[in-house]
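Here are the chains, one letter per residue:
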2 protein chains.
Amino acid sequence: MIIKIDMNSETALYEQLVNSVVWGIATGRLKPGEKMPTVRKLAVDLGINLHTVNKAYAILKQKGYLSAHRNMGAVVNEASAYTADEAFKESIKEWMKPFVAECLARGMDSDETASLVREAALEIKNETEGFA
Amino acid sequence: MIIKIDMNSETALYEQLVNSVVWGIATGRLKPGEKMPTVRKLAVDLGINLHTVNKAYAILKQKGYLSAHRNMGAVVNEASAYTADEAFKESIKEWMKPFVAECLARGMDSDETASLVREAALEIKNETEGFA
DNA sequence: TTATTTGTTATATAACAACTATAACAAATA
DNA sequence: TATTTGTTATAGTTGTTATATAACAAATAA
C-alpha cells in the first residue's frame, strides 16, 4: 500500500498516517494479515522522521488495528480486534457532535445531516486516490 | 446564556467557546439578535484571558454566526448569514470523513453510520446542560 | 467636550505539542 | 555473531495555546 502525506495540511503528520491506515482498512485495500512497511522504511519513503511514524503506529496498535513485534514489522489485525462496540459508537458520536451541531445551526435537520454522512461513507468506499 | 468550559478537556478553550455558541444556536437557545456577553465580561466570568475569548469571537464572526461593533458587544446574526450552502456541506463532509472511515473500518455500513449521526443530532436538540 | 465602554491590535512570556536528530536498548532472525 | 526492527531516551526547534500588559479606535454616556 502506498501512503501519501500532505506537508501543507493542518492535520498533524502522525494523524494523517493514522487516518490513511484506517481509510485503507475501511476500503478493503488493507486486509487482515497484511504487512505494513517498517517504521524506518516508511519514514524514509515519506521523507519524515522515524518517530512520527512510530507515534502513528503506536496509536494504531492502541486502537486495535495493528500488531507489532520486534524485528517482524507491523501487521494488520483481524477484524475482531477492532469492532464497533457500544463504547466506540458513543465516543464517535461525541467526537462528531461539534460538526453535527454546526449542521443544525445552519438549518439542516437530523435526516439531512445523516444523509451527508451517508454520502461521505459512499465516497470513501469508492475512493481510490492515495492507495495502490 | 451561560457558557461553561472544561479546563481539563483536550479541546482548546477557544474551540470550546466556539462549539458552545454554535451549540446554542443549534438548540435555539441562542437566537438571532441576541446579545453576547462582552469579551472582557465573559473572560472574567470564565476565569480566562480576554484574548482567548476574543479569538473565539473572531472565528465565530468569520463563520458568520456573530457580528461585533466597537462598544456594542457581539450579537448573534440572522440565520441568512450562516446557511448550509454547498461549500459548507462539502467541507463538513471532508472533516467528518476520518470518523466515518473509522466506522466503516469497524464493519459498520453507510446506513448504520448515518443513523449514529441522526442519533447525535437528536441528542443535541434535547440537550439542555451548559446553557440557561 | 470628556470619560467610559468595548472591540481590536500589539508585544512579551510560559507551557505544551509536533517534529526532528542522534543514540541506544531489546527481541527476533539470518 | 551480526543485522533487522520495534521501542525508548534525550535534546533541540518550531508552532500553538493561553496568559499578562498595554495601547488604540469607535461608539456611547455624562
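Remember, it's a predicted structure, so these values are computed and weren't measured experimentally.

### What to know about empty space enclosed by the protein
Line of reasoning, step 1. Per the counting criterion, the structure on display carries one cavity of 30 Å³ or more.
Line of reasoning, step 2. Within this model, the largest cavity holds a volume of roughly 30 Å³.
Line of reasoning, step 3. Taken together, Pro98 and Ala101 of chain A together with Asn19, Val22 and Trp23 of chain B make up the lining of the largest cavity.
Line of reasoning, step 4. Of all the secondary-structure elements, those providing two or more residues to the lining of the largest cavity are helix 4 (86-105) of chain A together with helix 1 (13-27) of chain B.
Line of reasoning, step 5. Sorting elements by how many residues they give to the lining of the largest cavity places helix 1 of chain B first, with three residues.
Line of reasoning, step 6. Residues of the lining of the largest cavity, tallied by class, amount to four nonpolar, one polar and no charged.

### A short note on the relation of the copies chain B and chain A
Line of reasoning, step 1. In screw terms, the move from chain B to chain A is a rotation of 180° and a rise of 0.0 Å along the axis, fitting with an RMSD of 0.1 Å. Here the two chains are linked by the operation of a two-fold rotation axis. Of every C-alpha in chain B, the one belonging to Ala114 of chain B sits nearest the axis of rotation, 2.3 Å from it.
Line of reasoning, step 2. When the interface residues of chain B are mapped onto chain A, 100% of them again lie at the interface, so the same face is used by both copies.

Cut-offs applied
- Residues numbered from 1 in each chain as written.
- Chains lettered and ligands numbered in written order.
- Predicted model: local features only at pLDDT ≥ 70, side-chain atom pairs only at ≥ 80, totals over all residues.
- Heavy atoms only, no water.
- 1 Å grid on protein atoms, 1.4 Å probe; cavity = no way out; pocket = protein on both sides within 12 Å on 5 of 7 lines; lining within 4 Å.
- Points joined across faces, edges and corners; volume = space filled by probe spheres on them.
- Helix = DSSP H or I, 4+ residues; strand = E, 2+ residues; numbered from the N terminus.
- Nonpolar A, V, L, I, M, F, W, Y, C, P; charged D, E, K, R; others polar.
- Least-squares fit on C-alpha atoms with pLDDT ≥ 70 in both.
- Contact = heavy atoms within 4.5 Å.

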